[in-house]
Amino acid sequence: MSILIKPIITEKATAQGELNNCFSFEVSTKANKVEIKKAVEAAYGVSVEKVRTINVRPERRTRYTKTGIQHGKTNAVKKAFVQLAEGETIDLYSNM
């Protein structure tokens, strides 16, 4: 099972990467900070200073249809914010 699922490329995440050298990734829900640090260092060849994680809860939705009320939810995800050492960077756009 892969620890890093995909990088998060949004306007806010791109600004953080340029200004603070902090990159965002969607990671496995069972991964811890040490595993995330090792996975980023192995995948991109950089040195990681700090890792912060957040568990995003599933969003619950209710739809009213002809057949009745439909309940559903999105998947729960875990995000990791990785602070790199000074002078190092990850080029996320070249791997796409």
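Residues numbered from 1 in each chain as written. Predicted model: local features only at pLDDT ≥ 70, side-chain atom pairs only at ≥ 80, totals over all residues. Heavy atoms only, no water.

Some words on the overall build of the protein
Alright, step 1. If you tally the helices and strands in the protein, you get two helices and six strands.
Alright, step 2. When the helices and strands of the protein are listed from N to C terminus, the series reads β-α-β-α-β-β-β-β.
Alright, step 3. For the protein, the residues scored as buried account for 28% of the 96 residues in total.
Alright, step 4. When contacts within the protein are restricted to residue pairs at least 6 apart in sequence, long-range pairs at least 24 apart make up 61% of them.
Alright, step 5. For the protein, the accessible area works out to roughly 7100 Å², and carbon and sulfur atoms hold 50% of it.
Alright, step 6. Positive and negative side-chain charges in the protein, numbering 16 and 10 respectively, have mean positions lying 15 Å apart. (Helix = DSSP H or I, 4+ residues; strand = E, 2+ residues; numbered from the N terminus. Buried < 20%, exposed > 50% of the residue type's maximum accessible area, 1.4 Å probe, protein only. Contact = heavy atoms within 4.5 Å. Areas by Shrake-Rupley, 256 points an atom, 1.4 Å probe, with all protein chains shown as cover. Lys, Arg positive; Asp, Glu negative; His and termini not counted. Charge placed at Lys NZ, Arg CZ, Asp CG, Glu CD.)

Quick look at the pairing of strand E4 (residues 60–65)
Alright, step 1. Judged by how many residues are buried, E4 sits mostly at the surface: zero of six residues are covered.
Alright, step 2. Both E4 and strand E5 (residues 68–73) contribute to a ladder of six bridges, which runs antiparallel. For threonine 65, the partnering residue across the bridge sits in E5 and is glycine 68.
Alright, step 3. Once E4 ends, the chain turns through two residues before running back antiparallel as E5. (Pairing = 2+ DSSP bridges.)

Details of the nonpolar core
Alright, step 1. Ranked by size, the top nonpolar core spans 16 residues in total, and within it Phe25, Ile36, Val40, Val82, Leu84 and Ile90 carry the most contacts.
Alright, step 2. Taken together, the elements giving at least two residues each to this core come down to strand E2 (22–27), helix H2 (33–44), strand E3 (48–56) and strand E6 (77–84).
Alright, step 3. Once residues within four sequence positions are removed from consideration, phenylalanine 25 is found in contact with Leu4, Lys6, Pro7, Ile8, Val40, Tyr44, Lys78, Lys79, Ala80, Val82, Ile90 and Leu92. (Core = buried A, V, L, I, M, F, W, Y, C linked by side-chain atoms within 4.5 Å.)

Focus: the environment of isoleucine 36
Alright, step 1. Summarising the element assignment, isoleucine 36 is placed in helix H2.
Alright, step 2. Judged by relative accessible area, which is 0%, isoleucine 36 ranks as buried.
Alright, step 3. In this structure, the C-alpha to C-alpha distance between isoleucine 36 and arginine 52, residues 16 residues apart in sequence, is 9.7 Å.
Alright, step 4. In contact with isoleucine 36, other than residues within four places in its own chain, are Ile3, Val27, Ala31, Val51, Thr53, Ala80 and Val82.

A look at the packing of aromatic side chains
Alright, step 1. Within this structure, the stated rule accounts for one aromatic pair.
Alright, step 2. Here phenylalanine 25 and tyrosine 44 contribute two aromatic rings whose centre-to-centre distance is 5.8 Å and whose plane-to-plane angle is 35°, an arrangement assigned as tilted. Residue phenylalanine 25 is found in strand E2, and its partner tyrosine 44 is found in helix H2; the two are separated by 19 residues along the sequence.
Alright, step 3. With a relative accessible area of 26%, tyrosine 44 lands in the partly exposed category. (Phe/Tyr/Trp six-rings, centres within 6.5 Å; stacked < 30°, edge-to-face > 60°.)

A word on the pairing of E6
Alright, step 1. Residues Lys78, Ala80, Val82 and Leu84 of E6 are buried on one face, while the alternating residues Val77, Lys79, Phe81 and Gln83, pointing to the opposite face, are not.
Alright, step 2. As defined by bridge partners, E2 adjoins E6 across six bridges and the pair is classed as antiparallel. Across the sheet, the residue bridging to glutamate 26 is lysine 79, located in E6.
Alright, step 3. Where E3 meets E6, eight bridges bridge the pair, whose relative direction is antiparallel. Its bridge partner lying in E6, valine 48 is registered against leucine 84.

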